[in-house]
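For reference, the chains in residue letters:
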Amino acid sequence: MNQQEAQQHLQSLREEIHRYNYEYHTLDAPSVSDYEYDKKMRELLDLEAEYPQLVTPDSPSQRVGAEPLSAFQKVRHNVAMLSLGNSFDEQELRDFDRRVREGTGEEVTYVCELKIDGLAVSLTYEDGVFVRGATRGDGTTGEDITVNLRTIKTIPLRLHQPETLEVRGEAFMPKEAFLKMNEAREEKGEEPFANPRNAAAGSLRQLDPKIAAKRNLDIFLYGVGEWQGESSSSHSERLERMQHLGLKTNPEWKKCGTIEEVIEYVHGWVERRPDLDYEIDGIVIKVDRLDQQEALGFTAKNPRWATAYKFPAEEAVTRLNDIELSVGRTGVVTPTAILNPVKVAGTTVQRASLHNEDLIRERDIRIGDTVVIKKAGDIIPEVVRVITEQRSGEEEAYSMPEHCPECNSKLVRLEEEVALRCINPNCQAQLREGLIHFVSRNAMDIEGLGEKVIAQLFKENLIATIADLYKLQREELLQLERMGQKSVDNLLKAIEDSKDNSLEKLLFGLGIRYVGTKAAQTLAQEFETMDELSKAGVETLMQVPEIGEKMADSIARYFAKPQVLELLEDLKQSGINMEYKGPKKNQGPDNSPFKGKTIVLTGKMEQFTRSEAKNIVQELGGKVTGSISKNTDLLIAGEDAGSKYDKAEKLGVEIWNEEEFANALT
Ligand code: IVH
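For the structure given in this document, a descriptive report is provided here. Here the structure is a predicted model, which means the values were calculated and not measured.

### Concerning the sheet that holds strand E22 (residues 623-625)
Then, number 1: Across the sheet, which stays open at both edges, the four strands sit in the order E22-E21-E23-E24 with parallel pairing between neighbours. Only two strands of the sheet have a single neighbouring strand rather than two, namely E22 and strand E24 (654-656). The mean angle between the axes of side-by-side strands here comes to 30°, regardless of whether they run parallel or antiparallel.
Then, number 2: Taken strand by strand, helix H22 (residues 610-619) contacts strand E21 (598-602), E22 and strand E23 (634-637), and its axis lies near 165° from that of E21.

Put into C-alpha cells, the structure is as follows:
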C-alpha cells in the first residue's frame, strides 16, 4: 500500500468507526459486534502506526469513548478510567506475556478474570459510605449516575469498614432479566434492546431512577482507582479485600503462573461461557503484583500490564431452506434466510437477515446451502458464509423479484443504493410498517398496539393511513381477535393520550427519511410548530446546527408532497398536538459573552477538555462549529493551535487564549 492508498483507506476506516461509535454510544444501537469493531479499530491503529504522519486529531484513535450526555452532572475522574488493549488469538497472548516479562525483567504471576459485557462504572466511598457513582464517559469525565446505581441491590451503601476508596466495575443485566424485559417490551409493542449491554447502559442513563430500579441490574467490581491508606501489594489481594468490605467481585478469577495456564483458562471459558447467567465477551489478563504493574505503566490509552482476550463471535452450521422477502416502512425489500433451527450463543435461531441482493451474490448464498451462522453483537443472527464443499448440486441460486411481494408494483434500485425499493406510496406493507414505527416508544408511544394488532387492523381494512388510527371505534376494535373490553379501553386511552405528545414525537413518528429521534428533537426545538417547520426551505433548515444538506433536502421534499399536507391536516382535525412542549432552546443568560456567537475551539487547554469547553460555550448560548470562516465570531485557542489560528488571524477573527476564556467565565 502506498501513502496515497493508505490515506484513502484511513479515511474510510475512520468514517466507519465514527459511525459505529455514534451507533454504539449515542443511539445505543450498534450495527456490528464488539469483536468486529475492535478489529476495525486495530486495523486503524496498525495503519496509523505505520504512517504516523497521517494521524489526524479527529481520528477515532485519538479518543477513548464518546462525549458524556449533558443531562447528568459531569464527574471528573481523579484517576483516568482507561480501557484495555485487545488480544485476538494465542499468539497475541504470548506476545503480551513476552512484553510483560521483558518490561519487568522478572517472572510474573497473572490474574485472569471474566470480561463482563456491561457498562464500566466507578463507585466512590467516603469513610465507608457510598457517595458517588459515575459512568466512564470519555475516560476523563463521566456522568453522575449515583441515583441509578443506588438502585442496584448488590452495591453496598455502606462498607463493612470505614474505608475511603474509589472502585471500578461493570454494571450489567443478567441474561434472564434481559430476555424477560424484552419479551415484555415486545408485547407492549416497544422496541426490544439489542443486547444486555445496551439494556444495562440504557437503564443507567435514565433520568428517572424508578426505571433503573425495575431493571434488575447487577454489578461485579474488578479494580481500584484510588484507595486511601491502601495496604494491598497485588491485584489478587485487592480483590480479596474488596470482597471483605462487601463489594461484589466475580468469583471466577484465577491466578496463573504461566501464559500456558492463562491460555488454558481462556479455552475453558470458551466452552463454559453459555452456562453463565450473564454475558461475557472475553477474558481479562492482569499482572498480579502492583509494583510490577507500576513498573510497566501505560501507553497513551491502555495499561501495559493488562490485556483483554476477545472471544470470536459464536458460530453454528445449519441448512438454509428458503429465502423470504419483507417490505419495510421506507419500501426497502429485505431478504431473510429461513433456516433449520439451530442453537447459537444460547438461543435457537431460525431466521437471519440477508440485508440485500448484493450480499446474497457476494457470499454466493443459494437455497439448500449449508451455511455458517453467527450472532452479530452476540444477538442478531447473520449468515457468515456458505460451506461450498457440502454442495450437492441441487442448490438453487436466488434472484430478487422484479415486483413488490406485497403490492406487485415494479421495484426500483435508487442510485448508489444496494437496496431494492417499492416506491408505491400506497403499498400496504409500507403503510403497515410505517404505522408500527408511528406507535413505537420513541415516536407516539402508544402502548398496546403491537405488530400483531396492527397487522389485524390492516387485514380487516379498519385502517389505511396513520390518520385512521385516531378514528378507530370501540366496536370495531372489539371484533378483533384477542381484544377484550379491558384491552380495548386501554388502547383507546393510549391513543387518546398520544394526541398530547410534544411535536418531536410526532415528527419522528412520521418517518421522514434521515430524521431520527435526535434530529426530530432539534427540529422541534428550533421551529416549535409543525406549520413553521413545513414552511422552512432547504436553506433555512441548513442553518440549524446538526442539520446537513441531505437531511434538509429530505425534509423539504417531504413537506412538498400534497398527500403529506393532507395527512397533517387530517391529524390536526383529530386534535393531535403540533407544537413543541419541551424546554426552550438554550439562549444563554443575557450577560453571556458567547450568546448568539459562532465560536471555534482549537488547541489543547490545561483546565478544560475540548468537550467541557464546548459544553460551557453551548450552555452559555454560543454555537460551536468546526472550522473558521468569515461567519466565525471568536476563536478560543489553547496550546499548539495550528492552521485554525493562522486562518483566524488572516480573516481578522477575534482570538482568545485559555486565560481569557477562563476569565470570561468568572
Ligand atoms: S480492567 C485499566 N477487568 O472491559 C483498565 N475490565 O477495555 C481497567 N471489563 O472498560 C479495566 N470486565 O468496562 C477490567 N474483569 C474486568 C472487566 C473489565 C469487563 C470492561 C471494562 C473496560 C473494558 C476494557
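Having seen it, we continue.
### A few points about the sheet that holds strand E8 (residues 218-227)
Then, number 1: In space, the four strands of this open sheet follow the order E5-E4-E7-E8, with antiparallel pairing throughout. Each edge of the open sheet is held by one strand with a lone partner, namely strand E5 (129-135) and E8. For this sheet, the mean inter-axis angle between neighbouring strands, taken without regard to orientation, is 30°.
Then, number 2: Sheet topology places strand E4 (residues 119-126) next to E5; six bridges connect them, and they run antiparallel. Opposite Thr124, over in E5, you have Arg132 as the bridge partner.
Then, number 3: In this fold helix H8 (residues 235-245) packs onto strand E7 (165-172) and E8, with an angle of close to 115° to the strand it touches most, E8.

### Thoughts on the pairing of strand E3 (residues 110-116)
Then, number 1: Counting buried residues along E3, seven of its seven residues qualify, which places the element largely inside the surrounding structure.
Then, number 2: Of the strand pairs in this sheet, E3 and strand E9 (residues 254-256) are connected by three bridges, and their pairing is antiparallel. Within E9, the position partnered with Cys112 by the bridge is Lys254.
Then, number 3: Across seven bridges, the pairing between E3 and strand E10 (residues 280-287) is antiparallel. Paired with Tyr110 across the bridge in E10 is Val287.

### A look at a negative patch on the surface
Then, number 1: Together, Asp633, Glu654, Glu659 and Glu660 make up a negatively charged patch on the protein surface.
Then, number 2: By relative accessible area, which is 39% here, Glu660 ends up partly exposed.

### Section: the nonpolar core
Then, number 1: Core analysis: the biggest nonpolar cluster contains 56 residues, and Ile446, Leu469, Phe559 and Leu571 have the highest contact counts within it.
Then, number 2: Sorting the residues of this core by element identifies helix H12 (428-439), helix H13 (451-459), helix H15 (485-498), helix H16 (503-509), helix H17 (517-527), helix H18 (530-535), helix H20 (549-559) and helix H21 (562-573) as the ones contributing at least two each.
Then, number 3: Discounting residues that sit within four places of it in the chain, Leu469 has contacts with Leu435, Phe438, Val439, Ile446, Leu449, Ile463 and Ile495.
Then, number 4: Counting residues in hydrophobic clusters, the runner-up holds 31 residues, among them Leu149, Leu159, Ala171 and Met181.

### Comments concerning the site of the ligand
Then, number 1: With respect to spatial proximity, 14 residues lie near the ligand, and among them Leu84, Glu113, Arg136, Glu170 and Tyr222 are the closest.
Then, number 2: Lys115 is positioned such that a nitrogen or oxygen atom in its side chain is 3.4 Å from an oxygen atom of the ligand.
Then, number 3: In this structure, Ile116 approaches the ligand through a main-chain N or O atom, which is 3.1 Å from a nitrogen atom.
Then, number 4: When the ligand is considered free in solution it has 520 Å² of accessible area, and contact with the protein chains removes 86% of it.
Then, number 5: Secondary structure elements with two or more residues in the shell around the ligand: E3 and E10.
Then, number 6: Counting residues per element, the shell around the ligand draws most heavily on E3, which supplies four residues.
Then, number 7: Across the shell around the ligand, the residue classes break down as eight nonpolar, one polar and five charged.

### Considerations on the packing of aromatic side chains
Then, number 1: A complete count under the given rule lists 13 aromatic pairs for this structure.
Then, number 2: Taking the centre distance of 5.2 Å and the plane angle of 85° together, the rings of Tyr558 and Phe559 count as edge-to-face. For the pair shown, Tyr558 and Phe559 are each scored as buried.
Then, number 3: Measuring from ring centre to ring centre gives 5.9 Å for Phe594 and Phe661, while their planes differ by 40°; the resulting arrangement is tilted. One end of the pair, Phe594, is in the loop between H21 and E21; the other, Phe661, is in helix H24 (residues 658-664), with 67 residues separating them in the sequence. Each member of the pair, Phe594 as well as Phe661, carries the same accessibility label: buried.
Then, number 4: One aromatic cluster is present, formed by Phe594, Phe608, Trp656 and Phe661 through successive ring pairs.
Then, number 5: When the ring centre of Trp269 is taken as reference, the NZ or CZ atom of Arg272 above it lies at 4.1 Å.

### Looking at the pairing of strand E11 (residues 306-310)
Then, number 1: The buried fraction of E11 amounts to five of the five residues, a majority that puts the element mostly inside the structure.
Then, number 2: Burial along E11 is two-sided: the face carrying Ala306, Ala308 and Lys310 and the face carrying Thr307 and Tyr309 are both buried.
Then, number 3: Relative to E11, strand E2 (residues 86-87) runs parallel, the two being bridged by two bridges. Its bridge partner lying in E11, Ser87 is registered against Tyr309.

Cut-off values and rules
Residues numbered from 1 in each chain as written. Predicted model: local features only at pLDDT ≥ 70, side-chain atom pairs only at ≥ 80, totals over all residues. Heavy atoms only, no water. Pairing = 2+ DSSP bridges. Helix = DSSP H or I, 4+ residues; strand = E, 2+ residues; numbered from the N terminus. Axes fitted to C-alpha atoms, helices over the stretch in contact; angles between N-to-C directions. Contact = heavy atoms within 4.5 Å. Buried < 20%, exposed > 50% of the residue type's maximum accessible area, 1.4 Å probe, protein only. Patch = residues over 30% accessible without salt bridge, like charges linked within 9 Å, V, L, I, M, F, W, Y side chains within 5 Å. Areas by Shrake-Rupley, 256 points an atom, 1.4 Å probe, with all protein chains shown as cover. Salt bridge = Lys/Arg side-chain N within 4 Å of Asp/Glu carboxyl O. Lys, Arg positive; Asp, Glu negative; His and termini not counted. Charge placed at Lys NZ, Arg CZ, Asp CG, Glu CD. Core = buried A, V, L, I, M, F, W, Y, C linked by side-chain atoms within 4.5 Å. Near = heavy atom within 4 Å. Polar contact = N/O pair within 3.5 Å; in protein donor to acceptor, adjacent residues only side chain to side chain. Nonpolar A, V, L, I, M, F, W, Y, C, P; charged D, E, K, R; others polar. Phe/Tyr/Trp six-rings, centres within 6.5 Å; stacked < 30°, edge-to-face > 60°. Lys NZ or Arg CZ within 6 Å of the ring centre and 35° of its normal.

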